[in-house]
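Here are the chains, one letter per residue:
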Amino acid sequence: MPRSSHLLFPVVAIAVSLVAAGPAQALQISEGRLRGPSGANDEFVELYNDSDSAVTVATIDGSGGWAVVASDGTTRFTVPNGTVIPARGHYLGANSVAYSLSSTAVADVTYAVDIPDNAGVALFKTSNPGNFTLGNRMDAFGTTSVGDTLYREGPGYAAITPFSIDSSFYRDERPGLPKDTDSNGNDFVFVDTNGTSAGAGQRLGAPGPQNLASPLTGPGTLSVTLVDPDVSADAQPNLAQPLASDPASNATFGRVIIRRHITNLSTVPVTSLAFRVSDVTTFPSPSGVSDLRPQTTPTSGEFLGTTLTGPSQPNGGGFNSLLTVQDVNSGAPLNPGQSVDVQFQMGVQQDGEIRFCAQAAALPSGNGLVSYVGSTNGGATPASVCAPSFAPYALGASATPSFPDQPAGSIGASRTVTFTNPAPVAVALGRVSIDEDDYLISENRCGDRVLLAGASCTVRVRFTPSAAGTRTGTLRVRGRMLPETSLALSGLGTPAPVDGADGAAGAGGTDGADGANGTDGATGPIGATGPIGATGPIGPIGATGPIGPIGATGSTGPTGSTGPTGSTGPTGAIGATGPAGATGAAGADAKLPCKLQNPKVGTKITCDFTGKAAITVTAKTAVKVQLKTRSGKVLATGTTKRGSVVLSTKRKLKAGVYVVRIQDGPKLRISVG
């Protein structure tokens, strides 16, 4: 089997002729019928200890015990002195001639004289007929046709046509514990396995007699929570609605399956676990209201099934039907601190609004309420009319923190909330969150941890109003072992301060002293060689020799040697300056610190505010991501690819709070600076 690890007054019987009347007793008549499918003798009367302590039967008039007497004045059975009826336990008397419900509950005591149809029955603190008086009466159960008011409370419940059907009258348990307003007509509900109209209201259900050995309802022992507290009660795995039609199994329009996480918060093993239906929308249902038929549900994977227990219910269960978890038993108990997931299946015979409530009972004791309201066709959701028998264990929260007024757009100081585990065993806590954007969790020491019995943990919260005015929020602590704990938050946002106009320009300052000369620059490279200077002038002509005789004309003489080279021309112009060296790397910009204020499961955000803002978002799937200001202005947009995306802004960000919006997901906030 899948598992994860009233006040009791003194009991006295009073003979009016002997002693004064004493305090009232806790015992009451809780269910009964005066006819069944086996005829007029197929009857029973069930007694219930309406207190949180055991009752020991005792009288002071010397009689043998407490008597159950019909309105004909004849005792049908007596609860003997010394009988111990456990806290919230039952005691069953039945007619041995034809009682047909022994497979549901064996009688603790029997009788053999029929109680007439529509008669009355009373329970007295004595078995002495001479003391059967109003002062000694503990309770009464009778119809409007009973003339003697000693055998009914108030006007009585409606008399019925005496059909031999599987029916009973039982005390309404929708308020939590069996209803007792001292008026039988207000307190008792009529049911039968065919939804017969017999004169006292028509509703499908089943008789459910209980005896000394039946499971008990006791305070603070079981916890009933959603299987997955991080999704709504309408979503898988908390709810399933298979649509396959199965008319033969009272499921013409499919089925509704409600699943809940059950934890043993007591210090002893639970060896029997059952749930009694206290409210359900069923036959006959008006238009717009569903007709549900509780039925046996098989165990499936981690979800334990429930068995429709009691008499044959061919139309499915209804009011007062019992659904037993067969996988929890003495051989496979639910030990202290252990949990199981249980499913409750109902056939749908008509679509519409849904109400379903079932009160837990266990051995040695247990309590808890399985409750759901919704719709089979997406219509309106009705209000619940059920309450748990006892307030379940829930985390105790310290007083709601007080937040001082805070300017809009700013972040206030932290306030501490303390949560304490009241259960006698350790409990596992889940996610801690705040619904609205006007508050953020600055420190979380409660989420996703085990909290020992009596131990405490803390959550620190800051007020970050997005606008002026009263700003509210809800701090929630979820878990699978205790119901969700919520704490309302409230603070006043004040208008954000407005920047003043720019001041006039200040007078110019005096010129500073000249700076020192910079060091000489490095010698530039040697320029290119200048051009060759121009050719120097021709040297002077030599002196003319004497005139020789005129001879024959001689050949031309050789050319004279070149004169000496002229002086070097001026130096050529300096060559162009060589290219400048590469510019050195710029110094790093200052960084603004970035802190993610409310991370969500499955999403990781890192920030790098070097120059412009660069924000990396990592998600499990490809989703669209936006970076916005708190006023909604979009600064950057992107889509995760291969699990991440980098959003870059066009300008530097100022210190403050920004919003990262992830497609189909929550808004995530980061603070900068």
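These figures come from a predicted structure and were not determined experimentally. (Residues numbered from 1 in each chain as written. Predicted model: local features only at pLDDT ≥ 70, side-chain atom pairs only at ≥ 80, totals over all residues. Heavy atoms only, no water.)

Quantified by volume, the largest cavity comes out at close to 170 Å³. Around the largest cavity, the lining is made up of 18 residues, and of these Leu-34, Arg-35, Ile-160, Ser-167 and Phe-169 lie nearest the centre. When residues of the lining of the largest cavity are traced back to their parent elements, those giving at least two are β1 (27–33) and β11 (167–171). Considering each element in turn, the lining of the largest cavity owes the most residues, 3 residues, to β11. (1 Å grid on protein atoms, 1.4 Å probe; cavity = no way out; pocket = protein on both sides within 12 Å on 5 of 7 lines; lining within 4 Å. Points joined across faces, edges and corners; volume = space filled by probe spheres on them. Helix = DSSP H or I, 4+ residues; strand = E, 2+ residues; numbered from the N terminus.)

A few words on the pattern of salt bridges. Overall, the coordinates contain 20 salt bridges when judged by the stated rule. Arg-171 is the partner of Asp-187 in a salt bridge, and the nearest nitrogen-oxygen pair spans 3.5 Å. Pair noted here: Asp-187 is in helix α1 (residues 184–187) and Arg-171 is in strand β11, with a separation of 16 residues, a long-range link. By relative accessible area, which is 1% here, Arg-171 ends up buried. Among the salt bridges present, the one from Glu-484 reaches Arg-478, with a minimum N-O distance of 3.2 Å. (Salt bridge = Lys/Arg side-chain N within 4 Å of Asp/Glu carboxyl O. Buried < 20%, exposed > 50% of the residue type's maximum accessible area, 1.4 Å probe, protein only.)

This part is about the side chain of Arg-152. If you trace the backbone, Arg-152 turns up in the loop between β10 (137–141) and β11. Reaching out from Arg-152, the side chain makes a polar contact with the backbone oxygen of Gly-154 at a distance of 2.7 Å. Those residues within four positions of Arg-152 in sequence are excluded, and the remaining contacts are Arg-137, Ala-140, Phe-141, Gly-142, Thr-143, Val-146, Gly-147 and Asn-184. (Polar contact = N/O pair within 3.5 Å; in protein donor to acceptor, adjacent residues only side chain to side chain. Contact = heavy atoms within 4.5 Å.)

What follows is about the packing of aromatic side chains. The full count for this structure, using the stated rule, is 14 aromatic pairs. Relative to Tyr-111, the ring of Phe-77 has its centre 6.0 Å away and its plane inclined at 20°; by these criteria the two rings are stacked. Here the residue Phe-77 occupies a position in strand β5 (residues 75–80), and Tyr-111 occupies one in strand β8 (residues 109–111), the gap between them amounting to 34 residues. Taken individually, Phe-77 and Tyr-111 each receive the classification buried, so the pair is uniform in this respect. When the centroid spacing of 5.1 Å and the interplanar angle of 50° are considered together, the rings of Phe-169 and Phe-190 count as tilted. (Phe/Tyr/Trp six-rings, centres within 6.5 Å; stacked < 30°, edge-to-face > 60°.)

What follows covers the sheet that holds β11. Overall, mixed pairing links the 6 strands, which are arranged β8-β7-β2-β1-β11-β12 in an open sheet. Of all strands in the sheet, those with a lone pairing partner are β8 and β12 (188–192), marking the two edges. Within the sheet, the average angular offset between the axes of one strand and its neighbour, ignoring direction, is 25°. Across 6 bridges, the pairing between β1 and strand β2 (residues 44–49) is antiparallel. Note that in β2 the partner of Leu-27 across the bridge is Asn-49. (Pairing = 2+ DSSP bridges. Axes fitted to C-alpha atoms, helices over the stretch in contact; angles between N-to-C directions.)

It is worth spelling out unusual backbone geometry at this point. Each neighbour pair has its own omega, and for Gln-236 with Pro-237 the value is 0°, a cis peptide bond. Here Pro-237 shows up in the loop between β13 (222–226) and β14 (239–240). Across the junction of Phe-283 and Pro-284, the peptide omega takes the value -10°, indicating a cis bond. The topology assignment puts Pro-284 in the loop between β16 (272–280) and β17 (291–295). Here Asp-182, not a glycine, exhibits a phi torsion of approximately 65°, which is positive. If you trace the backbone, Asp-182 turns up in the loop between β11 and α1. Backbone geometry at Asp-448 places phi at a positive 50°, although glycine is not the residue there.

Considering all chains together, one arrives at 2 disulfides under this definition. With a sulfur-sulfur separation of 2.0 Å, Cys-357 is cross-linked through a disulfide to Cys-386. Between Cys-357 and Cys-386 the disulfide shows an S-S torsion of about 110°. By sign, it is right-handed. Taken as a pair, Cys-357 in strand β22 (residues 353–363) and Cys-386 in the loop between β23 (369–375) and β24 (396–397) lie far apart in primary sequence, 29 residues in all. On the basis of relative accessibility, which here comes to 15%, the residue Cys-386 falls in the buried class. A disulfide bridge connects Cys-446 with Cys-457, and the sulfur atoms are separated by 2.0 Å. Classification of the bridge connecting Cys-446 and Cys-457 rests on its S-S torsion, roughly 110°, and on that basis the disulfide is right-handed. Placement of the pair is Cys-446 in the loop between β29 (439–444) and β30 (450–451) and Cys-457 in strand β31 (residues 456–463), with a sequence separation of 11 residues. On the basis of relative accessible area, Cys-446 is assigned to the buried category, the value being 0%. (Disulfide = S-S within 2.5 Å.)

Below, the discussion takes up the pairing of β1. Most of β1 is tucked away, with 7 of its 7 residues classed as buried. Sheet analysis places β1 next to β11, joined by 2 bridges and oriented antiparallel. Bridging across to β11, Glu-31 finds its partner in Tyr-170.

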